[in-house]
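# Structural features, examined
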Amino acid sequence: MSNELAILVGLPFAIIPTCLVIIDYLRENTNKEPIVIDYLEYVNRKAKGDMVDRSIAQLLTIEKIAA
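Definitions and cut-offs
Just so you know, the residues in each chain are numbered from 1, in the order the chain's sequence is written. The predicted nature of this model means local features are confined to residues of pLDDT at least 70 and side-chain atom pairs, given and counted, to a pLDDT of 80 or more, with totals for whole chains, interfaces and linings taken over all residues. The basis for the side-chain values is all heavy atoms of the structure; hydrogens and waters are excluded. Strands here are runs of E lasting at least two residues and helices are runs of H or I lasting at least four, both read from the DSSP assignment and numbered beginning at the N terminus. Type-normalised accessible area, obtained with a 1.4 Å probe on protein chains alone, sets the label of each residue: buried when under 20%, exposed when over 50%, and partly exposed for intermediate values. Note that accessible areas follow from Shrake-Rupley with a 1.4 Å probe, and for residues the cover is restricted to the protein chains shown. Scored from 0 to 100, pLDDT records how confident the predictor is in each individual residue. When a carboxyl oxygen of Asp or Glu lies within 4 Å of a side-chain nitrogen of Lys or Arg, that pair is called a salt bridge. For patch detection, residues must exceed 30% relative accessible area and be free of salt bridges, and they are connected within 9 Å for like charges or within 5 Å for nonpolar side chains (Val, Leu, Ile, Met, Phe, Trp, Tyr). Every residue pair with non-hydrogen atoms within 4.5 Å of one another is taken to be in contact.

## Digging into the overall build of the protein chain
- Looking only at helices and strands, one finds three helices and zero strands in the protein chain.
- When the helices and strands of the protein chain are read in sequence order from the N terminus, they spell out α-α-α.
- Within the protein chain, the fraction of its 67 residues that count as buried is 7%.
- Of the roughly 6300 Å² of accessible surface on the protein chain, 68% is carried by carbon and sulfur atoms.

## Considering the confidence of the model for the protein chain
- Summarising the model, the protein chain shows a mean pLDDT of 76, and 82% of its residues fall at 70 or more.
- By mean pLDDT, helix H3 (residues 51-66) is the weakest element of the protein chain at 70, and helix H1 (residues 2-31) is the strongest at 82.

## A few points about the pattern of salt bridges
- Here the structure, examined in full by the defined rule, presents one salt bridge.
- With a shortest N-O distance of 2.7 Å, Arg 27 and Asp 24 are connected by a salt bridge. One end of the pair is Arg 27 and the other is Asp 24, both in helix H1 and three residues apart, which spans about a single turn.
- Judged by its relative accessible area of 47%, Arg 27 falls in the partly exposed class.
- The exposure class of Asp 24 is partly exposed, given its relative accessible area of 31%.

## Description of a nonpolar patch on the surface
- A surface patch of nonpolar side chains, amounting to about 520 Å² of accessible area, comprises Ile 35, Ile 37, Tyr 42, Val 52 and Ile 56.
- For Val 52, the position within the fold is in helix H3.

## A closer look at the environment of Lys 46
- One can find Lys 46 in helix H2 (residues 39-47).
- The sequence separation of Lys 46 and Gln 58 amounts to 12 residues, and the corresponding C-alpha distance is 9.0 Å.
- Ignoring any residue separated from it by four or fewer positions in sequence, one finds Lys 46 in contact with Asp 53, Arg 54 and Ala 57.

Given below as structure tokens:
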């Protein structure tokens, strides 16, 4: 009898938080907009930056040509 009581008492404490987490996850997923990065704009901003940024921009353009 005590096993049934433990299951009846413990089951809501396991199911309710799980459902709340799933609902919160689904709600947040539907509200997010996709992140889109303009590749050429990124390379141009890197080319205008300091020496390290210019080196990165050169590597990116080399990889783009090779691809």
